[in-house]
Amino acid sequence: MDVFSRTFLPAAAEAGLAVQTVSRHMPVFRRCVGSGDATILVTRCSRPDRPVTGDYLLLLTHRRLVVTQQTRLLHRLRLHLNTELRELSNVTWSPDPRLQSVEMAATAIDGIRERFLIRTSHPKQVWQLDALLNHAFRTRLRVPRERILATIGDAPAATRPSTFRPAVVS
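No experiment lies behind these values; they were computed from the predicted model shown.

J.: I'm lost on the side chain of Q69 in this one. Help?
T.: With respect to the element layout, Q69 can be found in strand β3 (residues 64-70). A distance of 3.5 Å separates a polar atom in the side chain of Q69 from a polar atom in the side chain of Y56. Among the polar contacts made by the side chain of Q69, one reaches the side chain of R78 at a distance of 2.7 Å.

J.: What am I meant to see in the sheet that holds strand β4 (residues 77-84) here?
T.: In space, the four strands of this open sheet follow the order β1-β2-β3-β4, with antiparallel pairing throughout. At either end of the open sheet lies a strand with only one pairing partner, and these are β1 (39-45) and β4. Between one strand axis and the next, the sheet turns by 15° as a mean value, whatever way the strands run. The pairing of strand β2 (residues 55-61) with β3 spans six bridges and is antiparallel. Bridge pairing in β3 links L58 to V67. On the sheet, helix α1 (residues 3-14) packs against β1 and β2 and is oriented at approximately 40° with respect to β1. Helix-sheet contacts for helix α2 (residues 19-32) involve β1, β2, β3 and β4, and the interaxial angle to β3 is about 135°.

J.: Honestly, unusual backbone geometry in this entry has me stumped. Any pointers?
T.: Where the residue is not glycine, phi is negative for most of them; where a peptide bond is considered, it is trans in most cases. Despite not being glycine, N90 has its phi angle at roughly 50°, a positive value. Despite not being glycine, Q100 has its phi angle at roughly 55°, a positive value. Note on placement: Q100 falls in the loop between β5 (89-96) and β6 (101-107).

J.: I tried to follow α2 on my own but got confused; where do I start?
T.: Since the α-helix advances by 3.6 residues per turn, residues separated by three or four positions end up pointing in the same direction. Counted at 1.5 Å a residue, the expected span for α2 with its 14 residues is 20 Å, and the 20 Å between its end C-alpha atoms agrees. By the largest-angle criterion, M26 marks the main kink of α2, which is about 40°, and a proline, P27, follows within four residues. Of the positions making up α2, those classed as buried are T21, V22, H25, M26, V28, F29 and C32.

J.: Sorry if this is basic, but what is going on with the sheet that holds strand β7 (residues 113-119) here?
T.: Two pairing modes exist for strands in a sheet, parallel and antiparallel, and in both the strands are linked by backbone hydrogen bonds. If you trace the three strands from one edge of the open sheet to the other, you get β5-β6-β7, paired in antiparallel fashion. Across the chains shown, the open sheet's two edge strands, defined by having one partner strand only, are β5 and β7. Pairwise comparison of adjacent strand axes, ignoring direction, gives a mean angle of 10° for this sheet. The pairing of β5 with β6 spans six bridges and is antiparallel. For T92, the partnering residue across the bridge sits in β6 and is A105.

J.: What's the story with the pattern of salt bridges in this structure? I'm lost.
T.: Overall, the coordinates contain eight salt bridges when judged by the stated rule. Residue R47 is joined to E114 by a salt bridge in which the shortest nitrogen-to-oxygen separation is 3.5 Å. Placement of R47 in the loop between β1 and β2 and of E114 in strand β7 is noted, with a sequence separation of 67 residues between them. Taking the relative accessible area as the measure of exposure, R47 reaches 5% and is therefore buried. Take E114: its relative accessible area is 9%, and that puts it in the buried class. As a salt-bridge pair, E84 and R64 come within 3.7 Å of each other at their nearest N and O atoms. Highlighted residues: E84 in strand β4 and R64 in strand β3, separated in sequence by 20 residues. A relative accessible area of 23% means that E84 is categorised as partly exposed. Put simply, R47, D49 and E114 are held in one network by salt bridges that share partners.

Cut-offs used in this document
Residues numbered from 1 in each chain as written. Predicted model: local features only at pLDDT ≥ 70, side-chain atom pairs only at ≥ 80, totals over all residues. Heavy atoms only, no water. Helix = DSSP H or I, 4+ residues; strand = E, 2+ residues; numbered from the N terminus. Polar contact = N/O pair within 3.5 Å; in protein donor to acceptor, adjacent residues only side chain to side chain. Pairing = 2+ DSSP bridges. Axes fitted to C-alpha atoms, helices over the stretch in contact; angles between N-to-C directions. Contact = heavy atoms within 4.5 Å. Expected span 1.5 Å × (residues − 1). Bend = angle between axes of the 7 residues up to and from the residue. Buried < 20%, exposed > 50% of the residue type's maximum accessible area, 1.4 Å probe, protein only. Salt bridge = Lys/Arg side-chain N within 4 Å of Asp/Glu carboxyl O.

Below is the structure:
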């Protein structure tokens, strides 16, 4: 059993997803996620800006965010979002323990702002979800820093004097 299967199935069980739902979405997730990528979160979600478009299932791994949609009328399954985490920008989420939900938003590489509402069954789960999102988006993603390898006009390290010697004025 690969890393994705070992981590996906317990995460789906923890989210309380039915076996039929998991098996229905699994082929889509398999096409998007590598076998060595560990699952952080699997959960149902909705889109607050489009509440009647269908049910969504969100998969968050250490490298990717994948969201599938199942239409309400015909129960057809389609891929809604498949992106690497480093390609997302302006990722925000706001936990609300009173409503037992977390609203997450991110801008995809194509410039479209995606918003998802994740509902939990208990207020404590809101803070667990907040910690998972913090781990995925704040601690794991490092902002690339500019590295200076050399600048024009610098003398090579071998020719630089190792100590400062003031010039003698005569």
